[in-house]
Amino acid sequence: MIEIMDLYAGYSGSEILKGISLKVNSGEMVGILGPNGSGKTTLINTMSGVLKPKSGKIWINGTVIDELEIHELSKQIAVAPQKTEISFPFKCFSITLMGRSPHVGKWGFYSENDKRIALEAMNSTNTLKLSERPITNVSGGEAQMVTVARVLAQQTGILLLDEVTSNLDVSHKMAVFDLLTRMNLQGATIISVMHDLNLAALYCNRLVFLKNGKILLDGPTNEVFQQNNLREIYETEVQISFHPVTKSPQAHFVPGFFSRSRLNNPNCEPKASGSSFDNRRHKPTDKVTKTSPKNNSLVRGIQ
Amino acid sequence: MHQPSRLDLIELQHEKARKRFVLLTISLTLISIVSVALASSIGRVPVNLSDTLRSIFSAVGICSGDHVDETTRTVIFDLRLSRVVLSACVGMALSVSGAAFQGILRNPLADPFTIGVSTGAAFGASLAIFFGAASLTFAGFGFIPVLSSLGALAALFTVLFLSRVDGRVRRDTMVLAGIVVATFLGALISLVKSLDEESVSSIVFWVMGSFQGRGWSHLGFALPYLIIGLVLVVIHSRDLDLMTLGDSQAQQLGVDVSKTRRRVLIGASLLTAGSVSVSGVIGFVGLVAPHLVRLTVGPDHGRLFILSGLIGMIALIWSDVGARTLLPEGEELPVGVITALLGGPFFCLLLKKRRVESGID
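Below: a short report on this structure. Just so we're clear, the structure is a prediction, and the values are computed from it rather than from any experiment. (Residues numbered from 1 in each chain as written. Chains lettered and ligands numbered in written order. Predicted model: local features only at pLDDT ≥ 70, side-chain atom pairs only at ≥ 80, totals over all residues. Heavy atoms only, no water.)

### Some words on the nonpolar core
In step 1: The biggest cluster of nonpolar side chains holds 128 residues, and the ones touching the most others in it are Phe209 and Leu230 of chain A together with Phe101 and Leu105 of chain B.
In step 2: Top element by residues in this core is helix H3 (residues 70–104) of chain B. It accounts for eleven residues.
In step 3: Membership of the second largest hydrophobic core comes to 27 residues, among which are Ile4, Ile65, Leu160 and Ile191 of chain A. (Core = buried A, V, L, I, M, F, W, Y, C linked by side-chain atoms within 4.5 Å. Buried < 20%, exposed > 50% of the residue type's maximum accessible area, 1.4 Å probe, protein only. Helix = DSSP H or I, 4+ residues; strand = E, 2+ residues; numbered from the N terminus.)

Listed below in structure tokens is the structure:
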């Protein structure tokens, strides 16, 4: 369980997070969404203890994060970073094995059991074929899969993932999130920063939207994943449909809207139209007409 | 789900790698022992190997030295063996220090020389001599290594300060800062030595390195620094592996990043300072040995430290043999000339041939 109260954090000179309060219970699968620079990665960094908050408090499983030893924290939270730049040609297996480091004593060596767990993690992420290749010599997507394997090998109750599927093709994206869903069903708490709204809606049952360092929306996916909300947050025209199989909401952004609205009407506030769209949310027929390009003038008219 | 054949195959490969490492360690250890004996028998007055061994063994009391005359024993044990052992220790220290700097700074091109630490140590030592502190001792420690360590640390922190941007150390600007600091301090050494009205040869000694006239006493005062440095660096082998992932990720895997960095930087600086205070600045050993090892057994720091230490020993033993025998009439070359002449082209070859594998890219 992670609880954050009134968190302010940032780097020297700039404040990124401005008053975040968030509670994620054990066993939740939460997607953190928001435009570039909204503070998603900073939030991950503060939750994993890498960045000290300027003010506010964070509790990890009931303990204030500052009171947890770095080593102790790494047994409770595993983090998959957005990008890894590794300076030396470690084999992919060695990288995965590093995930076992928190469980090895200060002077100890990796045991046979650690190696077995690392191999299992590689097996479940389908990266066994990479095990003997240097991490500096695999593709960006493959390196990301190895990072996922490393995080699995860490065997923590909480997983923080920062854009971990950004370099992956569709089948690998789905495979990673299917795997995460299975882990979530087994009790893991998963918090995943994502840019892919539709992927988030498919897999996460709760979404948190950040913008300008504040939480704009937080709630069950079906309640917050709505046209007016997304339009306001991303300042782009959007239509919602429902996934034919899972019935999850899916967003479709309308091309050309952003530049046109800005050019024609610099004072345009997409927010203003929110309520008028709200009523039509459950009428898919309306949306179909509006997505066609020739009707873009209609959209602008409403603005 | 399980693919036993694949797992067995991986296990087999790891077993092979482990065997190769053990084999390399044993053979390099044997080579360095043989090198010590051979190097001691080579010199202006040639002594055959059996007399050399008898002199060495009699001096440490293993057998009687009746068959060898007194002069030979003195030449072998006090002059040659002491110098060979000292060069072995310095070679080990510089290589381990290079591997540690590369690991902690996540910079494959870092080594005591390229980041200015060696020259800082040499400057500290020349200041100690300039102010006449060379003969002073404090609690059994000579002052030269003390000031040399301070110089090394001062140079290191200057370089770190210069390469620190926005609270973080930028590794790409580090080597640049190192070169600037090294050049500046090199000039200061020349200035101090000129003011002291010393000969050009003493400037050359500090800037290019030499073991001329060095013996057991020098080994004695360098050894504590080398041992402390070695311990500080080696206990963090696994942390260094994790830190190649970057500071944040290392911390998320349970490494106390700032403590590890402090200890490894101080440890590697002590290794450098101990070496430089007895031998001057010797380049390239700390750069080439770790790269060679990474190409053979991979970048794992535990193995890296052991094998580069051994390779550094052997390399510097033979470089010093070259330094004292290549010129006629007992003239000596600075040993840094030999290491640069051998190490430079060798390193270029590595750079060119195996960019990806050596991680220089």
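### Overview of the pattern of salt bridges
In step 1: All chains considered together, the criterion is met by 16 salt bridges over all chains.
In step 2: Between Glu132 of chain A and Lys91 of chain A there is a salt bridge whose closest N-O contact spans 3.2 Å. Taken as a pair, Glu132 of chain A in the loop between helix H4 (112–124) and helix H5 (140–153) and Lys91 of chain A in the loop between strand S6 (77–80) and helix H3 (92–98) lie far apart in primary sequence, 41 residues in all.
In step 3: Using a relative accessible area of 31% as the deciding quantity, one classes Lys91 of chain A as partly exposed.
In step 4: Salt bridges sharing partners connect three or more residues here, namely Arg83, Asp320, Arg324 and Glu332 of chain B. (Salt bridge = Lys/Arg side-chain N within 4 Å of Asp/Glu carboxyl O.)

### Brief notes about the packing of aromatic side chains
All names here are of chain A.
In step 1: Inspection of every chain in the model, using the stated rule, returns four aromatic pairs over all chains.
In step 2: Aromatic pair Tyr234 and Phe253: ring centres 6.1 Å apart, planes at 75 degrees, arrangement edge-to-face. Pair noted here: Tyr234 is in helix H9 (residues 227–234) and Phe253 is in strand S12 (residues 249–253), with a separation of 19 residues, a long-range link.
In step 3: The buried category is assigned to Tyr234, whose relative accessible area is 18%.
In step 4: For Phe253, a relative accessible area of 38% gives the class partly exposed. (Phe/Tyr/Trp six-rings, centres within 6.5 Å; stacked < 30°, edge-to-face > 60°.)

### What to know about the packing of H3 of chain B against helix H8 (residues 216–234) of chain B
Residues and elements named next belong to chain B.
In step 1: Their axes nearest at 10 Å, the elements H3 and H8 cross at an angle of 25 degrees. One finds that H3 runs roughly parallel with respect to H8. Like other packed secondary-structure pairs, H3 and H8 cross with a definite hand, here left-handed. Two secondary-structure elements touch here, H3 through Phe77, Asp78, Leu81, Ser82, Val85, Leu86, Cys89, Met92, Ala93, Val96 and Ala100 and H8 through Trp216, His218, Leu219, Leu223, Leu226, Leu230 and Val233.
In step 2: Taken together, the residues that form the contact of H3 with H8 break down as 15 nonpolar, two polar and one charged. (Axes fitted to C-alpha atoms, helices over the stretch in contact; angles between N-to-C directions. Parallel < 35°, antiparallel > 145°, perpendicular 65-115°, else oblique. Left-handed = near helix turned anticlockwise from the far one by under 90°. Contact = heavy atoms within 4.5 Å. Nonpolar A, V, L, I, M, F, W, Y, C, P; charged D, E, K, R; others polar.)

### Here we look at a nonpolar patch on the surface
All names here are of chain B.
In step 1: Among the surface-exposed residues, Val34, Leu38, Ile42, Leu49, Leu53, Phe57, Val60, Ile62 and Trp318 lie close enough to one another that they form a single nonpolar patch of about 740 Å² accessible area.
In step 2: Looking at the nonpolar patch, the elements with two or more residues in it are helix H1 (4–41) and helix H2 (49–59).
In step 3: With three residues, H2 is the single largest residue contributor to the nonpolar patch.
In step 4: Position of Val60 among the secondary structure elements: in the loop between H2 and H3.
In step 5: Looking at Val60, the relative accessible area reads 51%, which means it is exposed. (Patch = residues over 30% accessible without salt bridge, like charges linked within 9 Å, V, L, I, M, F, W, Y side chains within 5 Å. Areas by Shrake-Rupley, 256 points an atom, 1.4 Å probe, with all protein chains shown as cover.)

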